[in-house]
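Okay, here's what each chain looks like letter by letter:
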Amino acid sequence: MRTADEPIWDWTLRRIRRIWPLGDSGKLKDVVEPDLPTGDLDKLRKKIKACLDGRGGEMSARARAAELGEAYLVLNPQGRRRFLELLATDYDVDNDAVEAAIERRRASEGPEQLQQATSDLRRQLEPPRTRLLRQFNELREGVKFLVDLRAELMPWAREDPALAALDQDVFGLLASWFDIGFLNLQQITWKTPAALLEKLIEYEAVHAIRSWDDLKNRLGDDRCCYAFFHPRMPEEPLIFVEVALVNGISTNIHDLLDEQAPVINPRKADTAIFYSISNCQKGLAGVSFGNFLIKRVVRDLSARMPNLKNFSTLSPIPGFIHWLRTEARESGLSEREIRVLDLLQPAENEPGLLDIIRGGDSAATNSRNALQVPLLRLCARYLTSAKKGRQALDRVAHFHLANGARIEQINWAADLSDKGLHQSAGMMVNYLYKLPDIEKNHESYSGKGGVAVSSAVRKLL
């Protein structure tokens, strides 16, 4: 398992050195400096040219690609950025060749000549770097290498248009390789190999797994965990979801994660609660898995447990407090709601909003009760009306509404952890996946930005 302070590339390098087929000629990593000074760029160009020329058999091609990849891995961040800038600028499409191919296509006579010219234009539009990157697909751990490479590339791409174009090329490859049809759905249990269980602890992004006992509780008889895997990354989950089998819709995360709570007979449960969905690979940002994951898990659970009647989430509201601080005053608030906003910037020595909600004495309880109704109303307004275009401003809300769920209920004091308080004043929301309505809700939201809500949420509005 990668340690908390070990850079991702050090971890990747340690694994790849054991398995990539480096031959006697694999010395590029030993002759380039970590920051890749200008004098070392020609050494890279020669190796890239050998990779693109494709001389020799399959093993030679793999060895050259592995040598190039390992050279990248031993560079420091400055050197890796220079490596990527070289790919972005020197191995982009040849604009003159593209223009010539366009002219040949325009001048084509007859279907056969047109087809030939179109094929030639298509070849010219593929950057040489794409052919180079595709060679890593043939290496064991090569796909993981490219996923991690893109994770490092993305922040730089936001600053540099040339790197942004390279990022689009890498993303295009990964999006085609990680098509949902290629993925395997697996259930993870306490009997799953420990190396994979360690990765669940590492990748959990919603409710941190505090210990092995905590993890064991989340994989108990009345709990399920499902993950998508890719055949070329069989030891790396792409995304996973944690599910609790309960009676009735759960309204707070503390009860769900209580290790001392009695275990429910899963055959008698009537509700599946999706309480954590974690994307595991930063380099696959933009590749959509979650909507397929939930629908596949619902289908699997429905087939195995016909006693389940409800499929709901217990979800965080990550953008609520930020919206309160920045935009809520523009929404036409009541005086009571404005007083709530004033608590976000309390006078000196006065308790603020989160201090009141966190407090445990009787005075704090009375103050907290006074805040409950206006905060629930504000949260309902945020989830249903705060938009970016037609999409819900809250990223979790957008995810579930786009999948066809409806906002079922908003729960007070549902997550009183520091993270829960700072994100959403301790509130959480249930999104209900009502099977007959999923497609209708999805079409309404995708087409018009319509948000499906229950009567309870409608009353809050």
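Throughout this document, residue positions are counted from 1 along each chain, in the order its sequence is written. Residues qualify for local features only when their pLDDT is at least 70, as the model is predicted, and side-chain atom pairs are given and counted only at 80 or more; totals for whole chains, interfaces and linings, by contrast, use all residues. As a rule here, side-chain values cover all heavy atoms of the structure and leave hydrogens and water aside.

Caption draft 1: Local environment of empty space enclosed by the protein. Using a 1 Å grid laid over the protein atoms alone, points where a 1.4 Å probe fits but cannot get out form a cavity; open sets with protein on both sides within 12 Å along at least 5 of 7 lines form a pocket; any residue with an atom within 4 Å of a point counts as lining. Grid points are joined across faces, edges and corners, and a volume is the space filled by probe spheres set on the points. The full count for this structure, using the stated rule, is 1 cavity of 30 Å³ or more. Volume-wise, the largest cavity comes out at about 50 Å³. Surrounding the largest cavity, Leu68, Tyr72, Phe83, Leu87, Leu132, Leu133, Phe136, Phe145 and Leu149 form its lining. Of all the elements in the fold, those that place two or more residues in the lining of the largest cavity are α4 (58-73), α5 (77-90), α8 (128-134) and α9 (142-157). Residue polarity follows a fixed list, in which Ala, Val, Leu, Ile, Met, Phe, Trp, Tyr, Cys and Pro are nonpolar, Asp, Glu, Lys and Arg are charged, and the others, Gly among them, are polar. Considering only residue class, the lining of the largest cavity consists of 9 nonpolar, no polar and no charged. A run of H or I in DSSP becomes a helix once it reaches four residues, and a run of E becomes a strand once it reaches two; helices and strands are each numbered from the N terminus.

Caption draft 2: Structural detail: helix α21 (residues 438-448). Exposure categories follow from relative accessible area, calculated using a 1.4 Å probe and restricted to protein chains: below 20% of the type maximum is buried, above 50% is exposed, and the middle band is partly exposed. Every buried residue belonging to α21 is among Ile438, Asn441 and Tyr445, and all of these are buried. What you see down the axis of α21 is that its buried residues fit within an arc of 70°, all on one side. In α21, the exposed positions angled more than 90 degrees off the buried face are occupied by Glu439, Lys440 and Lys448. Elements in contact with the buried residues of α21: β7 (391-392), α19 (395-402) and β8 (406-411). One or two steps after α21, the chain reaches Gly449, where phi turns positive at roughly 75°. By construction, the arc corresponds to the directions joining the helix axis to the C-beta atoms. By definition in these notes, contact holds between two residues if any of their heavy atoms fall within 4.5 Å.

Caption draft 3: Here's a closer look at the pattern of salt bridges. We count a salt bridge whenever a side-chain nitrogen from Lys or Arg sits within 4 Å of a carboxyl oxygen from Asp or Glu. A complete count under the given rule lists 30 salt bridges for this structure. A salt bridge links Arg45 to Asp90; its shortest N-O distance comes to 3.1 Å. Here the residue Arg45 occupies a position in helix α3 (residues 38-53), and Asp90 occupies one in helix α5, the gap between them amounting to 45 residues. Here Arg45 falls in the partly exposed class, since its relative accessible area comes to 29%. Between Arg358 and Asp355 there is a salt bridge, with its nearest N and O atoms 3.5 Å apart. Placement of the pair is Arg358 and Asp355 together in helix α17 (residues 353-358), with a separation of 3 residues, close to one helical turn. Judged by relative accessible area, Asp355 falls into the partly exposed class, the value being 43%. Residues joined in a network through salt bridges with shared partners are Glu204, Arg210, Asp214, Arg218, Glu242 and Glu259.

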